[in-house]
Amino acid sequence: MPEDPATWTVRNFASLDSTNRYALAAARDGAAAGLVVVAEEQTAGRGRLGRSWIAPPGAALLVSVLLRPALAPDELHLLTAAGSLAMAEAVEAVCGLRPELKWPNDLLVGDRKLAGVLAEADVDGSEVRAVVVGIGLNVEWDHFPAELAEIATSCSVETGGPVSRAAVLDAFLTRASVRFADLDAAFAEYRARLGTLGRAVRVDRASGPLRGIAVDVAPDGTLLVETADQGIVAVTAGDVVHLRPA
Ligand code: BT5
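Residues numbered from 1 in each chain as written. Predicted model: local features only at pLDDT ≥ 70, side-chain atom pairs only at ≥ 80, totals over all residues. Heavy atoms only, no water.

J.: Is there a simple way to think about the side chain of Asn138 in this case?
T.: By secondary structure assignment, the location of Asn138 is in strand 7 (residues 127-138). Accessibility expressed as a relative area gives 3% for Asn138, which makes it buried. Of the polar contacts made by the side chain of Asn138, one reaches the backbone oxygen of Thr153; its length is 3.0 Å. Aside from chain neighbours lying at most four places away, what touches Asn138 is Trp53, Ala59, Ala60, Lys113, Leu114, Phe144, Ala152, Thr153, Ser154 and Cys155. (Helix = DSSP H or I, 4+ residues; strand = E, 2+ residues; numbered from the N terminus. Buried < 20%, exposed > 50% of the residue type's maximum accessible area, 1.4 Å probe, protein only. Polar contact = N/O pair within 3.5 Å; in protein donor to acceptor, adjacent residues only side chain to side chain. Contact = heavy atoms within 4.5 Å.)

J.: Just to check I follow, could you spell out the packing of aromatic side chains for this structure?
T.: The way to describe two aromatic rings as a pair is by their centre distance and the angle between their planes. For the coordinates displayed, the defined rule picks out 3 aromatic pairs. Ring geometry for Phe187 and Tyr190: centres 6.1 Å apart, planes at 25°, overall stacked. Within this pair, Phe187 and its partner Tyr190 are both found in helix 6 (residues 183-193), separated by 3 residues, close to a single helical turn. One exposure class covers both Phe187 and Tyr190, and it is buried. (Phe/Tyr/Trp six-rings, centres within 6.5 Å; stacked < 30°, edge-to-face > 60°.)

J.: Would you mind showing me how to read the domain arrangement of the chain here?
T.: The domains assigned to the chain are domain 1 (5-193) and domain 2 (200-242). If you average the C-alpha positions of domain 1 and of domain 2, the two centres end up 24 Å apart. Here domain 1 meets domain 2 over a buried area of about 1,000 Å², counting both sides, of which 52% is carbon and sulfur. Three residues stand out in domain 1 for area buried against domain 2, namely Lys102, Trp103 and Arg191, and they jointly supply 57% of the buried area on that side. If you look at where domain 1 meets domain 2, you find 3 salt bridges. Between Arg191 and Asp216 there is a salt bridge; the shortest N-O distance is 2.7 Å. Put simply, domain 1 and domain 2 have 9 residue pairs in polar contact (both at pLDDT 80 or more) between them. (Domains from an automatic or database assignment. Buried area = accessible area lost by both parts, 1.4 Å probe. Salt bridge = Lys/Arg side-chain N within 4 Å of Asp/Glu carboxyl O.)

J.: It is not clear to me how the sheet that holds strand 8 (residues 200-205) should be interpreted in this structure. Could you clarify?
T.: Sheets are built from strands paired through backbone hydrogen bonds, the pairs being either parallel or antiparallel. Taken in spatial order, the 5 strands make up an open sheet running 11-10-9-8-12, and their pairing is antiparallel. Looking at the sheet topology across the chains shown, the edges are occupied by strand 11 (231-235) and strand 12 (239-242). Shown here is a sheet whose adjacent strand axes are inclined to one another by a mean of 45°, direction ignored. One ladder, built from 5 bridges, connects strand 10 (residues 223-227) with strand 11; its direction is antiparallel. Directly across from Glu226, in strand 11, lies its bridge partner Ile232. (Pairing = 2+ DSSP bridges. Axes fitted to C-alpha atoms, helices over the stretch in contact; angles between N-to-C directions.)

J.: What am I meant to see in the site of the ligand here?
T.: For the ligand, the set of nearby residues contains 29 residues, the closest of which are Ser18, Arg46, Arg51, Ile54 and Lys113. Side-chain polar atom of Thr19 to a nitrogen atom of the ligand: 2.9 Å apart, as the coordinates give it. Contact distances for the ligand include 3.4 Å between a nitrogen atom and a backbone N or O atom of Asn20. Protein contacts shield 92% of the accessible area of the ligand, which totals 800 Å² for the unbound molecule. Where the shell around the ligand is concerned, the elements lending two or more residues are helix 1 (19-28), strand 3 (60-67), strand 6 (112-124) and strand 7. Among the residues making up the shell around the ligand, the classes are represented as 11 nonpolar, 13 polar and 5 charged. (Near = heavy atom within 4 Å. Areas by Shrake-Rupley, 256 points an atom, 1.4 Å probe, with all protein chains shown as cover. Nonpolar A, V, L, I, M, F, W, Y, C, P; charged D, E, K, R; others polar.)

J.: Sorry, what's going on with the packing of helix 2 (residues 77-95) against helix 6 here?
T.: Describing two packed helices takes the angle between their axes plus the distance from one axis to the other. Packing of helix 2 against helix 6 brings their axes to within 9 Å, and their N-to-C directions diverge by 65°. Here helix 6 runs roughly perpendicular to helix 2, going by the angle between their axes. Here helix 2 and helix 6 pass one another in a crossing that is left-handed. Along its contact with helix 2, which presents His77, Leu78, Leu79, Ala81, Ala82, Ser84, Leu85, Ala88, Glu89 and Glu92, the element helix 6 presents Leu183, Ala186, Phe187, Glu189, Tyr190 and Arg193. Residues that form the contact of helix 2 with helix 6 fall into these classes: 10 nonpolar, 2 polar and 4 charged. (Parallel < 35°, antiparallel > 145°, perpendicular 65-115°, else oblique. Left-handed = near helix turned anticlockwise from the far one by under 90°.)

J.: Quick question: what am I supposed to make of the pairing of strand 1 (residues 9-16) here?
T.: In terms of strand pairing, strand 1 meets strand 2 (residues 35-42) through 7 bridges, oriented parallel. Considered in strand 2, the bridge of Arg11 is made with Val37. Crossover connection from strand 1 via helix 1 to parallel strand 2: handedness right-handed. (Right-handed = clockwise from strand over helix to strand, strands pointing away.)

J.: Explanation requested: a nonpolar patch on the surface in the structure shown.
T.: On the surface, a cluster of nonpolar side chains totalling about 240 Å² of accessible area is made up of Ile213, Val215 and Ile232. Tracing the backbone through its elements, the reader meets Ile232 in strand 11. Classification of Ile232 by relative accessible area gives exposed; the value is 54%. (Patch = residues over 30% accessible without salt bridge, like charges linked within 9 Å, V, L, I, M, F, W, Y side chains within 5 Å.)

Have a look at this one:
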């Protein structure tokens with residue numbers, strides 16, 4: 001696990017299909033922990049559950065970091081938390097914005113998504129060989145396509161001025177060194193900063209929607225939702241909508 005920013009090795013690309021796909025392939029070819037893959041543009045950027053991550057060339061910081069942590073497969077949520085937190089801290093340091101963290105993998109400003117995080121692992125049975133934490137952060141992007149117009153925002157929209165992707169990347173790698181080196185501290189801080197907690201939420205799950213109050217994140221990363229009719233329900237996966245107070 002890299003503990004010093006000097007141990008990061010950054011590979012920059014004008015265009016890739018997906019920085020996560022590239023970094024996972026590099027991991028399988030033996031690349032060392034600390035590889036950082038950055039692209040100006042992705043032609044097949046990945047979200048969760050087969051969804052797409054889109055951004056025009058140069059508008060977003062599209063970055064994946066390769067880690068080889070000593071973790072079990074059921075502990076990988078810690079890396080999503082640490083990566084989300086490190087990016088939130090970087091945005092705050094560079095732009096003066098304090099993004100809200102939304103369980104499990106979003107950075108929001110108000111109701112709009114500023115960044116998304118996708119951790120993908122190369123797992124062999126109980127052995128985690130490599131993990132890639134990929135983040136797409138909307139940096140300088142003022143006019144969104146129709147499908148994102150109501151749900152996305154960017155650093156430039158929020159600050160009203162230019163923002164340097166290179167400065168955000170530098171700040172992210174500095175914070176990532178700290179956060180990935182102490183995952184317990186990162187998880188505690190992620191939990192403390194999670195805007196989802198205490199909120200009325202709707203969770204859209206494969207098995208159907210669930211409504212309640214998000215009361216906590218368990219150590220295993222599940223979201224605990226207090227419902228009127230089923231008590232506390234542990235949610236392992238799903239899309240959370242923060243509901244406005246009635
Ligand atoms: C995520 O998925 O939020 C994880 C996104 C991770 C993207 C990074 S970019 C670098 C690295 N390489 C990759 O290939 N991926 C990672 P999810 O929670 O499933 O959200 C996906 C949804 O967010 C989409 O269905 C859209 O509704 C929305 N979306 C797509 N592009 C967006 C953008 N640029 N800004 C805000 N929302 C977006």
